[in-house]
Amino acid sequence: VFDSLCVGASVQHPERREMLAPLVDAIERGVAEHRFRAEHLIHLRCEITDPQTPALAHAHLDRATVRLVSVMDHTPGDRQSPDVERWLRATSKAMQVSLEEGRAALEELLERSARVGAGVEAEVIGLAQQHGLPVMSHDDRTEAHVDAACAAGVRVSEFPTTLAAARRARTTGLGIVAGAPNILRGGSQSGNVAVRELLAEGLVDALASDYVPRSPLEAAFAIADDPSLPITLPQAIAMVTATPARLAGLADRGSLALGQRGDLVRVRRMSGRCHVVAVWRAGRRVF
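Everything numeric in this text was worked out from a predicted model, so none of it was measured.

A. A look at the sheet that holds strand β3 (residues 66–72). Taken together, seven strands build an open sheet; the order of strands is β1-β2-β3-β4-β5-β6-β7 and the sheet is parallel. Each having just a single partner strand, β1 (2–7) and β7 (206–208) make up the two edges of the open sheet. When the angles between neighbouring strand axes are averaged without regard to direction, this sheet yields 30°. The sheet strands contacting helix α4 (residues 99–130) are β2 (41–47), β3 and β4 (135–138), and the helix crosses β3 at an angle near 165°.

So this is what it looks like as structure tokens:
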């Protein structure tokens, strides 16, 4: 399990700066006390619009549990939220403020993003590389986004939002991660490209749970069941086992082979649904 923790504040969640250290400590305490059946690692999701993000990330990058970093820009008008007015209405409602107050927060965010975004992103990527950690870009929308990520040393494009960005990621050699819930619900909740379209062109390497823990397993079988997709069940399962392990730099797991950990999940399908009936971690049954 990669516990994905936000690094840096967002418009809606300034408290995330203070939450990060206690969350990391809680996860590591759970690991030390053997409270988890699965192995828990940490994925730092770094907001580049917060000037405090590099310092927050730097405080945790040397922890053994931290194994993955992504750089994220949730500034509306680009990437995940190209419709600024839609973002403004949704954010104002979530914050329970007027549209005028929301617009003031938006203008402040746009100014800060333009002023510090590029520098924060470069600093975070540099810090991750110093610690030997793989770095993912997030919500690439254009070929230019992908090219910039490649030039900065990013290895994986996580959740490209358009076919053009995904195609560019493929030609430049970036790994491509897509959201499994997108497959199960039949499209993107944000109006971006449907993962099924990416799969049809061979533009998905790995599937992420994206807030729905069981979705990768369900999605792998759904992909294999779809006659319109040229993907076998072993190939679909690899999208949630071997390939994610490789992209995350976890060389000791992801396949059934001599010298690997022996992480196994036994699944029974009943009435088209997947039921986990047994789990082994490093060869020891935990469920």
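Read on for the rest.
B. Molecular detail of the environment of Asp140. Relative to the assigned elements, Asp140 resides in the loop between β4 and α5 (143–152). Taking relative accessible area as the criterion, Asp140 reaches 0% and is therefore assigned buried. Taking the C-alpha atoms as reference, Asp140 lies 10 Å from Leu163; in sequence the two are 23 residues apart. Within polar-contact distance, the side chain of Asp140 engages the side chain of Ser137 at 2.6 Å. Engagement of the side chain of Asp140 in a polar contact is seen with the side chain of Ser157, the distance being 2.7 Å.

Rules behind the numbers
Residues numbered from 1 in each chain as written. Predicted model: local features only at pLDDT ≥ 70, side-chain atom pairs only at ≥ 80, totals over all residues. Heavy atoms only, no water. Pairing = 2+ DSSP bridges. Helix = DSSP H or I, 4+ residues; strand = E, 2+ residues; numbered from the N terminus. Axes fitted to C-alpha atoms, helices over the stretch in contact; angles between N-to-C directions. Contact = heavy atoms within 4.5 Å. Buried < 20%, exposed > 50% of the residue type's maximum accessible area, 1.4 Å probe, protein only. Polar contact = N/O pair within 3.5 Å; in protein donor to acceptor, adjacent residues only side chain to side chain.

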